Amino acid sequence: MLQETLNIKITKASESRVSEVDWSNLPFGKIFSDHMLMMEYKDGEWQQPEILPFGNVSIHPATSSIHYGQSIFEGMKANRRVDGKISIFRPEMNAKRFAESCERMCMPVIPEKMFVELVRKFVEVESAWIPEMDDYSLYIRPFMFATDEFIGIRPSETYKFMIFTCPVGSYYTEPVRVKIEEFYSRASVGGVGRAKTAGNYGASLYPARKGQQEGFHQLVWTDSKEHKYIEESGTMNIVFMMNDTLISPSEESDTILRGTTKRAVLDIAKMWGIPVEERKVSVEEIITAAKNGTLQDCFGAGTAATIAPIVKIGFRDEVLELPPLETRTTSIKIKNYLDDLKAGKVEDPLNWCLIV
Ligand SMILES: *Cc1c(COP(=O)(O)O)cnc(C)c1O
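The rules behind the values
Residues numbered from 1 in each chain as written. Predicted model: local features only at pLDDT ≥ 70, side-chain atom pairs only at ≥ 80, totals over all residues. Heavy atoms only, no water. Helix = DSSP H or I, 4+ residues; strand = E, 2+ residues; numbered from the N terminus. Buried < 20%, exposed > 50% of the residue type's maximum accessible area, 1.4 Å probe, protein only. Contact = heavy atoms within 4.5 Å. Near = heavy atom within 4 Å. Polar contact = N/O pair within 3.5 Å; in protein donor to acceptor, adjacent residues only side chain to side chain. Areas by Shrake-Rupley, 256 points an atom, 1.4 Å probe, with all protein chains shown as cover. 1 Å grid on protein atoms, 1.4 Å probe; cavity = no way out; pocket = protein on both sides within 12 Å on 5 of 7 lines; lining within 4 Å. Points joined across faces, edges and corners; volume = space filled by probe spheres on them. Domains from an automatic or database assignment. Core = buried A, V, L, I, M, F, W, Y, C linked by side-chain atoms within 4.5 Å. Nonpolar A, V, L, I, M, F, W, Y, C, P; charged D, E, K, R; others polar. Pairing = 2+ DSSP bridges. Phe/Tyr/Trp six-rings, centres within 6.5 Å; stacked < 30°, edge-to-face > 60°. Lys NZ or Arg CZ within 6 Å of the ring centre and 35° of its normal.

Student: Residues and numbers for the overall build of the chain, please.
Tutor: Along the backbone of the chain there are eight helices and 19 strands. Overall, the C-alpha framework of the chain stretches about 60 × 50 × 35 Å when taken along its three principal axes. The buried share of the chain, reckoned over its 356 residues, is 52%. Taking contacts inside the chain between residues at least 6 apart in sequence as the whole, the part at least 24 apart equals 70%.

Structure (structure tokens):
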């Protein structure tokens, strides 16, 4: 019924570009599939969605999102299963988070069921682009931006919602080195840190570049008030293991993005009887544990990288070495289980995967 009411207009590309892809050399986020989905909001409602050949979008110079930042996005992945079917991992969580980002940014909400159905239908159209090799997937980028042609600060009355997809391989090609940031902030209490909104990423580039110049891939953000508590790392949530317990900063504060990957990691751990704590995590606690050898594991969790083991933590003028990768049996087991779930190699007891 939903499919009927959605009534997507589909115009296929005259020729697919999929045969031109060099699968052995796939840069992250630079190869785009044949089509894009577009749906406009005007006169107080969403208009008919359309799937059309991928291409440029022409915009007016006064397009309000460029000037005032009403722009949000999501990131998720579709995988080819061993039985040939296509699965999307927990898209309803992305739909919910997208709706929350809409609310925070004064943008019109897309009903969650409709969001999932638009993603599902689009992935179905692009199914030829889903890589079959291990560790490869189709990255899905839904996004929305304000389109009023008006130089005045107020919520736009028109928007574009779009989806495109990129076939991708692994995000990090080496274990990650991070630096604990004690001056710059990603988000502050009462701000927009919980929303996946464009400005958060623009604001992080300068401090991140400084970190990169010092030899780190990513920063570990700390609270903006005291820089005493750990929040997340770059565009990943962060998880530690101490005393055989998985520990991650609690999401109660609105400064941390509520990640679907971290949620899956902690849900799996709980299902397996591994103790999990979501609470405040102080910088001091982590540095002490890293020094005395009780920090068993540390990794980033996010859609792009899934689980990215962190091997070095920079703090002030020290660089602390974390335990070697082969000792991190819990996070390796969780990552393999997640990969197997998406690939349909194991049962999916909680119905996390949407079959396209
Ligand atoms: C997207 C994102 C994450 C990870 O969320 P997932 O749903 O796991 O992909 C974490 N932190 C930030 C700041 C993000 O933008």
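Student: Summarise the site of the ligand; cite the residues concerned and give the values.
Tutor: Of all residues adjacent to the ligand, which total 15 residues, the nearest are Lys196, Tyr201, Glu232, Thr261 and Thr303. Between the ligand and Thr260 there is a distance of 2.7 Å, counted from an oxygen atom to a side-chain nitrogen or oxygen. Between the ligand and the protein, one listed contact pairs an oxygen atom with a side-chain N or O atom of Thr303 at 2.6 Å. Bound to the protein, the ligand loses 96% of the 380 Å² it would expose on its own.

Student: Just give me the short version of the environment of Val283, but keep the residues and values in it.
Tutor: Note on placement: Val283 falls in helix 7 (residues 283-292). Taking the C-alpha atoms as reference, Val283 lies 9.7 Å from Glu231; in sequence the two are 52 residues apart. Apart from the residues lying within four places of it in its own chain, the contact partners of Val283 are Ile180, Thr222, His227, Lys228, Tyr229, Ile230 and Phe315.

Student: I'd like a description of empty space enclosed by the protein, backed by residues and values.
Tutor: By the definition in use, this model includes one cavity of 30 Å³ or more. Reported here for the largest cavity is a volume of approximately 120 Å³. Forming the boundary of the largest cavity are 13 residues, of which Phe89, Thr260, Thr261, Thr303 and Lys342 lie nearest the centre. Residue assignment for the lining of the largest cavity shows that the elements contributing at least two residues are strand 6 (76-80), helix 6 (260-271) and helix 8 (329-342). Formed jointly, the lining of the largest cavity draws a minimum of three residues from each of two domains, domain 1 (2-169) and domain 2 (176-342).

Student: How would you explain the nonpolar core if you had to name every residue and give the values?
Tutor: Soluble, globular proteins show a tendency: their nonpolar side chains are buried together. In terms of nonpolar packing, the biggest core is built from 38 residues, with Trp46, Ile110, Leu118, Met144 and Phe161 touching the most fellow members. Contributions of two or more residues to this core are made by strand 2 (35-42), strand 6, strand 7 (86-89), helix 3 (91-104), helix 4 (112-125), strand 8 (137-146) and strand 9 (159-168). Looking at which element gives the most residues to this core, the answer is helix 4, with eight residues. Counting residues in hydrophobic clusters, the runner-up holds 25 residues, among them Val176, Leu295, Ala305 and Leu320.

Student: Now, about the layout of surface pockets: what can you tell me, with residues and values included?
Tutor: As a volume, the largest pocket reaches approximately 780 Å³. Along the walls of the largest pocket sit 37 residues, with Asp135, Ser170, Thr306, Lys335 and Asp339 positioned nearest its centre. Contributing elements (two or more residues each) for the lining of the largest pocket: strand 6, strand 17 (306-315) and helix 8. Counted by class, the lining of the largest pocket contains 16 nonpolar, eight polar and 13 charged residues. Shared between two domains, the lining of the largest pocket holds at least three residues of each, these being domain 1 (2-169) and domain 2 (176-342). Approximately 460 Å³ is the volume found for the second largest pocket. In terms of lining, the second largest pocket is formed by 25 residues, of which the most central are Phe73, Tyr139, Lys196, Thr235 and Ala304. The residue inventory of the lining of the second largest pocket, partitioned by class, reads 10 nonpolar, 10 polar and five charged. Each of domain 1 (2-169) and domain 2 (176-342) accounts for three or more of the residues forming the lining of the second largest pocket.

Student: Give a detailed account of the side chain of Ser33, specifying residues and quantitative values.
Tutor: Note that Ser33 resides in the loop between strand 1 (9-10) and strand 2. You can call Ser33 buried: its relative accessible area is 0%. The contacts of Ser33, once residues within four sequence positions are left out, are Arg17, Phe54, Glu126, Trp129 and Thr165.

Student: Mind laying out the pairing of strand 9, listing which residues take part and the relevant values?
Tutor: In terms of burial, strand 9 is largely enclosed, as 10 of its 10 residues are buried. Because side chains alternate across strand 9, one face comprises the buried residues Tyr159, Phe161, Ile163, Thr165 and Pro167, and the other comprises Lys160, Met162, Phe164, Cys166 and Val168, equally buried. Where strand 8 lies against strand 9, 10 bridges are found, and the strand directions are antiparallel. Paired with Phe143 across the strands is Met162, a residue of strand 9.

Student: So what about the packing of aromatic side chains? Which residues, and what values?
Tutor: Applying the stated criterion across every chain yields a total of 16 aromatic pairs. Relative to Trp46, the ring of Tyr41 lies with its centre 5.0 Å away and its plane at 65°, an arrangement referred to as edge-to-face. Each member of the pair, Tyr41 as well as Trp46, is classed as buried. Aromatic pair Phe89 and Trp352: ring centres 5.8 Å apart, planes at 90°, arrangement edge-to-face. Here Trp352 lies in the loop between helix 8 and strand 19 (353-355) and Phe89 lies in strand 7, a separation of 263 residues in the sequence. This pair shows no difference in class: Phe89 is buried, exactly as Trp352 is. One aromatic cluster in this structure is built from Phe32, Phe54, Phe143, Phe145 and Phe164. One cation-aromatic arrangement involves Lys333 over Trp272; the distance from NZ or CZ to the ring centre is 4.9 Å. If you follow Lys342 out to its NZ or CZ, it ends over the ring of Phe89, 5.1 Å from the centre.

The analysis is restricted to geometry; functional conclusions fall outside its scope.
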